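Observations on the model geometry
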Amino acid sequence: SGAFVATGSADRTIKLWDIVKGFCTHCFREHTGVVQTLYFHVKNPAGAMYLSSSSDDNSVRVHNLLRKNEPCVATFTQHVSLPTQLCSTSDSSLLISAGRDKVVN
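Sequence order as written defines residue numbering, which begins from 1 separately in each chain. The model is predicted, so local features are restricted to residues of pLDDT at least 70 and side-chain atom pairs to those at 80 or more, both for listing and for counting; the totals for chains, interfaces and linings are taken over all residues. Processing note: side-chain calculations cover all non-hydrogen atoms of the structure and skip hydrogens and water entirely.

1. Considering the sheet that holds strand 1 (residues 4-8)
Sheet architecture is open: three strands sit in the order 1-2-3, paired in antiparallel fashion. The open sheet has two edge strands with one neighbour each: strand 1 and strand 3 (23-28). Taking each pair of neighbouring strands and ignoring which way they run, the sheet shows an average axis angle of 20°. By the bridge criterion, five bridges tie strand 2 (residues 14-18) to strand 3 in an arrangement that is antiparallel. Pairing of Lys-15 across the sheet is with Cys-27, part of strand 3. Here, strands pair whenever DSSP counts at least two bridges between them. Note on conventions: DSSP H or I runs of at least 4 residues are helices, E runs of at least 2 residues are strands, and numbering of each starts at the N terminus. What counts as an axis is a line fitted to C-alpha atoms, over the stretch in contact for a helix, and the angles between N-to-C directions run from 0 to 180 degrees.

If you want it as structure tokens, here you go:
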């Protein structure tokens, strides 16, 4: 349908919801801490759809929404404190994170 919302919670899960059809399409359980930040991005021209997340386990994870068997395609653990912001370049070739540790990756 193309109308999705992502939720992150204290139970360490991330869920992707189809808001038109009213059901959960994905559930990610890789984080070991409370999920804090979520960020959607599309890499063109390939059309890959990603959902990046940060958690108070100090990690950033990138999930490929088109891959059901191995959705987590990258994990970044360079922060020593909570990553609080996620964004990407306009072509989604780079993911940028900033955190309470005053580090930008």
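Picking up after the structure, the text goes on.
2. With respect to the nonpolar core
Within soluble globular proteins, side chains that are nonpolar tend to cluster in buried spots. Only buried residues count toward a nonpolar core. Its members are Ala, Val, Leu, Ile, Met, Phe, Trp, Tyr and Cys residues joined through side-chain atoms within 4.5 Å. Burial classification: accessible surface area is computed with a 1.4 Å probe over protein chains only, and a residue below 20% of its type maximum counts as buried, one above 50% as exposed, and the rest as partly exposed. If you look at the biggest cluster of nonpolar residues, it comprises seven residues: Ala-6, Ile-14, Leu-16, Phe-28, Val-35, Leu-51 and Leu-65. Only heavy atoms matter for contacts: two residues are in contact if any of them lie within 4.5 Å across the pair. The contacts of Val-35, once residues within four sequence positions are left out, are Gly-8, Ser-9, Arg-12, Thr-13, Ile-14, Ser-54 and Ser-55.

3. Things to note about the sheet that holds strand 7 (residues 72-76)
The strands making up a sheet associate through hydrogen bonds between their backbones, and the pairing can be parallel or antiparallel. The sheet built from four strands is open, its strands ordered 4-5-6-7 with antiparallel pairing. In the strand order of this sheet, the two ends are held by strand 4 (35-43) and strand 7, each with one partner. Strand-to-strand, the axes of this sheet are offset by a mean angle of 20°, without reference to chain direction. Note that strand 4 and strand 5 (residues 48-55) share eight bridges and pair antiparallel. The residue bridging Thr-37 from the neighbouring strand is Ser-54, located in strand 5.

Functional significance is not addressed by these values, which are geometric in nature.
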